Amino acid sequence: MGIRVANVCKQFGDFRAVDDVTLDIDSGSLVALLGPSGSGKSTLLRLIAGLEDVDSGRIWITGEEATGRSVQARQVGFVFQHFALFKHRSVRRNVAFGLELRGWKKEAIRRRVDELLDLVQLKGYGHRYPSQLSGGQRQRVALARALAVQPRVLLLDEPFSALDAKVRKELRAWLRNLHDEMHVTTVIVTHDQEEAMEVADRIVVMNEGRIEQIGSPAEIYDHPASPFVMGFVGAVNVLPRGALPVGREPVLPAGEEGQLFIRPHHVEVHAEPLPGTVPARLRRLTHMGRDLQAELVLDNGETVLAQVSREGIDHGSLRPGDTLHVASRQARSFEPDYAI
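Just so it is clear, the model here is predicted, and its values are computed rather than measured.

Draft legend 1. Molecular detail of the environment of H266. Assignment of secondary structure puts H266 in the loop between β13 (259–262) and β14 (267–270). Through-space distance from the C-alpha of H266 to that of K123 is 47 Å; in sequence the pair is 143 residues apart. Once residues lying within four places of it in the same chain are set aside, the contact partners of H266 are A327, S328, R329 and Q330.

This is the structure we're talking about:
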């Protein structure tokens with residue numbers, strides 16, 4: 001087992017940031033802690049690292065209990081959101097920092113730094129200073145510094161959130177490839193659903209200090225365990241039962257009305273009325289690259305988002321106020337005591 005967290009709680013004043021969390025992370029896996037601000041994901045990461053002390057519960061790292069150990073004794077690599085590089089040290093000396101503290105010999109440090117700069121694709125940048133690098137390059141230096149001391153686990157706290165969208169996407173692919181080469185147990189905290197889906201083997205969805213669901217990206221998206229998970233991981237329409245015709249409608253107990261949860265890509269949009277469709281007024285058509293997003297208003301006033309391909313509809317002739325005809329291929333429902 002790479003990391004085990006058992007019944008861990010952490011409170012700050014009256015606020016319970018982590019509430020009785022139990023979690024197993026397999027050795028060599030890459031796991032994302034996903035959730036909104038205040039969900040407890042960063043606090044849980046800091047508890048694993050030893051940067052915060054647990055109020056109750058226990059933590060193991062690679063089979064050894066770490067609950068009462070210092071940060072140094074846990075042998076973790078930690079990467080912060082805002083790089084935290086030493087401005088007055090060159091790239092080489094930033095990467096070498098932890099090795100110098102541990103008393104490594106100069107030749108061993110040189111070899112290790114050369115190896116890491118090559119690994120993070122910064123060979124030839126060792127003499128530069130952080131101010132001479134792009135944001136993406138600085139974050140790769142921070143990752144190299146965390147990996148230098150050969151940590152038992154690697155912990156990343158929203159490492160790409162300060163970067164622009166294009167660089168974030170590039171670094172996500174780079175991190176996934178790096179992990180596939182090194183197989184170090186890695187936990188990344190993020191509030192970005194796309195990021196979690198792209199990089200992680202498994203996703204832990206957190207809300208209000210508790211775990212809502214654990215699963216693969218496909219399991220989390222296709223089989224959400226609660227309205228919160230379905231609403232947080234991907235766009236969703238939440239409609240009263242009967243507002244939109246559904247091809248595969250979930251069965252609820254007799255007398256239960258409930259809500260229907262419908263993904264935008266399950267909404268069918270037609271220019272002409274077809275059996276099983278209802279009219280809807282086009283409020284806005286947004287170009288999302290390959291696909292289009294149509295914001296539609298039903299006769300009962302409910303708003304529906306639909307994701308359609310450019311080939312699926314004659315979008316060039318559509319204008320706000322036009323009438324289209326919609327239905328849904330499928331929908332989800334949850335137990336009545338859930339609330340989104």
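Draft legend 2. Highlighting the packing of helix α3 (residues 91–101) against helix α4 (residues 106–119). Where α3 contacts α4, the two axes come as close as 10 Å, and the packing angle between them is 125°. Our classification of the angle between α3 and α4 gives oblique. In terms of crossing hand, the pair formed by α3 and α4 is right-handed. Contacts from V91, R92, V95, A96, L99 and E100 in α3 reach I109, R110, R112, V113, D114, L116 and L117 in α4.

Draft legend 3. Up close: the nonpolar core. By size, the foremost hydrophobic cluster in this structure holds 43 residues, and its most contacted members are V95, L154 and I203. Ranked by residue count, the leading element in this core is helix α5 (residues 135–148), at 7 residues. Not counting residues up to four positions away in its chain, the partners in contact with I203 are A32, L34, A196, M197, Q213, I214, G215, P217 and I220. In terms of nonpolar packing, the next biggest core, distinct from the first, is built from 26 residues, L33, A66, L155 and V189 among them.

Draft legend 4. Local environment of the sheet that holds strand β6 (residues 76–79). Taken in spatial order, the 6 strands of this open sheet run β6-β7-β8-β3-β9-β10, and their pairing is mixed. With partners counted over all chains shown, the strands left at the sheet margins are β6 and β10 (210–215), one partner each. Between one strand axis and the next, the sheet turns through 15° on average, direction left out of account. When strand β3 (residues 30–34) meets strand β8 (residues 185–190), the two strands line up parallel, connected through 5 bridges. Paired with L30 across the strands is T186, a residue of β8. Across the sheet, helix α1 (residues 41–49) is in contact with β3, β6, β7 (153–157), β8 and β9 (202–207); its angle to β7 comes to roughly 150°. With respect to the sheet, α5 is in contact with β6 and β7, its orientation differing from that of β6 by roughly 165°.

Definitions and limits used
Residues numbered from 1 in each chain as written. Predicted model: local features only at pLDDT ≥ 70, side-chain atom pairs only at ≥ 80, totals over all residues. Heavy atoms only, no water. Helix = DSSP H or I, 4+ residues; strand = E, 2+ residues; numbered from the N terminus. Contact = heavy atoms within 4.5 Å. Axes fitted to C-alpha atoms, helices over the stretch in contact; angles between N-to-C directions. Parallel < 35°, antiparallel > 145°, perpendicular 65-115°, else oblique. Left-handed = near helix turned anticlockwise from the far one by under 90°. Core = buried A, V, L, I, M, F, W, Y, C linked by side-chain atoms within 4.5 Å. Buried < 20%, exposed > 50% of the residue type's maximum accessible area, 1.4 Å probe, protein only. Pairing = 2+ DSSP bridges.

Such coordinate-based values are descriptive only and should not be taken to indicate function.
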